[in-house]
Every structure is written in structure tokens, then in C-alpha cells.
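# Topology and contacts: notes
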Amino acid sequence: MADQRFVGKKVVVIGGNSGIGLATAAAFDREGAHVAIVGRNPETLEQARLALSPSATAFRADVSNLAELDELAVALARDMGRVDVLFANAGLGAMVPFDEVTEKGWDDLMNVNLKGMYFSVQNFAPANPRPYDDTGWTVQLMRNVDVRVVADKAVQTQPMTLL
């Protein structure tokens, strides 16, 4: 059995419906946290919720939409009260020919990977009663944009950095 070091802690994992986010949500869940996952795809969000313990909850929101982030913060405050851990992990990646990147595609990527992550943290800071001491903290998985032009003109976003 895993350590239960997160019993009584409330954890929100943005981008918790797949990949690193879902693995992180599952780890917190195994260690006793009350986990809420956030994603924008209702089908994968529900599948992810079912993969967690019965106490886990799921919220649909698009982090690139600030009005949806505001609604999410209200819903989480109502359902969870404080947030002890915020794991902001939503992100998009694209593999398209370099000369075919569009302004819309670029904006979509930046709206989730940069704007969405920044405002996610900003929105949830008030949910922590004392955000600047050791009673709460934020783990933010940041994606930086790494544009690589290779022989076939591919563009991709990659490395991630924990802050």
C-alpha cells in the first residue's frame, strides 16, 4: 500500500484526463488525497475519473477560456473549499510542417500552454487560505515552446520544466 501522506489534502490536477496529468492524479489518489481532475474533453475526463478512486471528482473546463477558469474556480471552491495542491499541467503539442503553422494554430497553443497555465495559477491562489506559507503550494508543470526546424520542416513543442 502506498504512503498515505496526502490524507486530508485537496488536490486539483488541470489536464488530469490523460498522460502526465492522469498519472499525477492517480499518484495523489493512491496516497489518500481528495483529487479533482480538470480537462476539456468530456469523454476522456469521465474515463479518467473512473480510473481513480470513488472520491475523485472531475470538472470540464477549457483553460484557454478565462470565463471557464472563473467558473471552475467557483465550482471547486464550492465543492472542495481550499485547494492544497494545484498541478497545472494542461498543454497542447503540434507536429506540423514549419511553413504551414498558422496564426490560429499558434494562438491555440499559446492560449493553453502559456495563458491557460498562468491564469490557472492566478485563479486558484485565493482558494488557499495562506498561499505564502507551508500550508499550501503550487506545482506547475510548465511547457516551454521549442520550435525545431528539421529536414522535413517539423515544428514541435517539447521540454517541460517543473517550477
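Below you will find a few notes about this structure. The structure presented is a predicted model; accordingly, all values stated were derived computationally and were not measured.

Criteria and thresholds
- The residue numbers shown here count from 1 along each chain, following its written sequence.
- This being a predicted model, a pLDDT of at least 70 is required before a residue's local features are given, and a value of 80 or more before pairs of side-chain atoms are given or counted; all residues contribute to the totals for chains, interfaces and linings.
- Note: side-chain values were computed over all heavy atoms of the structure, leaving out hydrogens and water.
- The secondary structure listing takes helices from DSSP runs of H or I that are at least 4 residues long and strands from runs of E that are at least 2 residues long, numbered from the N terminus.
- Categorising residues by exposure relies on relative accessible area from a 1.4 Å probe, with only protein chains included: less than 20% of the type maximum marks a residue as buried, more than 50% marks it as exposed, and the intermediate range marks it as partly exposed.
- Residue exposure ignores everything except the shown protein chains as possible cover, and the areas themselves are Shrake-Rupley values with a 1.4 Å probe.
- Given a helix with a known number of residues, its expected span is that number minus one, times 1.5 Å.
- Throughout, a contact is declared for two residues whenever any of their heavy atoms are within 4.5 Å.
- Counting of polar contacts relies on pairs of N or O atoms within 3.5 Å, with two restrictions inside protein: one atom must be capable of donating a hydrogen and the other of accepting it, and residues adjacent in sequence are counted only when both atoms are side-chain atoms.
- Buried Ala, Val, Leu, Ile, Met, Phe, Trp, Tyr and Cys residues that are joined via side-chain atoms within 4.5 Å together make up what is termed a nonpolar core.
- Ring pairs shown here join Phe, Tyr and Trp side chains whose ring centres sit within 6.5 Å, with only the six-membered ring taken for Trp; geometry is labelled stacked below 30 degrees between planes, edge-to-face above 60, and tilted in between.
- At least two bridges found by DSSP between two strands is the condition for calling them paired.

### Some words on the overall build of the protein
When helices and strands are tallied, the protein shows 4 helices and 8 strands. When the helices and strands of the protein are read in sequence order from the N terminus, they spell out β-α-β-α-β-α-β-β-α-β-β-β. In the protein, buried positions account for 37% of the 163 residues. Carbon and sulfur atoms make up 57% of the accessible area of the protein, which amounts to about 9000 Å² in all.

### Focus on helix H3 (residues 66–80)
The end-to-end C-alpha distance of H3, which contains 15 residues, comes to 20 Å, matching closely the 21 Å that a straight helix rising 1.5 Å per residue would cover. Against strand E1 (10–14), strand E2 (34–39), strand E3 (57–60) and helix H4 (103–124) lie the buried residues of H3. The N-cap of H3, judged by a side-chain oxygen 3.0 Å from the amide nitrogen of Ala67 a few residues on, is Asn65. Just past H3, the residue Gly81 takes up positive phi, approximately 75 degrees.

### Quick notes on helix H1 (residues 19–30)
Compared with the 16 Å implied by 1.5 Å per residue over 12 residues, the 17 Å span of H1 between its first and last C-alpha is a close match. For H1, the set of buried residues is Gly21, Thr24, Ala25, Ala26, Phe28 and Asp29. On its buried face, H1 is in contact with E1, E2 and strand E4 (85–88). Positioned one or two residues after H1, Gly32 has a phi angle of 95 degrees, which is positive.

### Topic: the environment of Thr44
Along the chain, Thr44 falls in helix H2 (residues 42–51). With 26 residues separating them in the primary sequence, Thr44 and Ser18 have C-alpha atoms 7.3 Å apart. Only 2.8 Å separates the side chain of Thr44 from the side chain of Asn17, close enough to count as a polar contact.

### What about the nonpolar core?
Core analysis: the biggest nonpolar cluster contains 20 residues, and Val12, Ile14, Leu72 and Leu76 have the highest contact counts within it. At the level of secondary structure, the elements contributing two or more residues to this core comprise E1, E2, H3, E4 and H4. At 6 residues, H3 tops the list of elements feeding residues into this core. Among all residues touching Ile14, those that are not within four sequence positions of it are Val38, Val63, Leu86, Phe87, Ala88, Asn89, Ala90, Met117, Ser120 and Phe124. Counting 15 residues, the second largest nonpolar core, distinct from the first, contains Val11, Ala26, Leu45 and Leu52.

### Here's the deal with the packing of aromatic side chains
Scanning all chains against the criterion turns up 2 aromatic pairs. Seen in terms of ring centroids, Phe6 and Phe28 are 4.9 Å apart; in terms of plane orientation they differ by 80 degrees. Their pairing is edge-to-face. A residue pair is termed long-range when its members are at least 10 positions apart, and Phe6 in the segment before E1 and Phe28 in helix H1 qualify at 22 residues. Owing to a relative accessible area of 13%, Phe6 belongs among the buried residues under this scheme. Overall, the relative accessible area of 12% leaves Phe28 in the buried class. On the basis of an interplanar angle of 85 degrees and a centroid distance of 5.1 Å, the ring pair of Tyr118 and Phe119 is categorised as edge-to-face.

### Some points on the pairing of E3
The pairing of E2 with E3 spans 4 bridges and is classified as parallel. Considered in E3, the bridge of Gly39 is made with Arg60.

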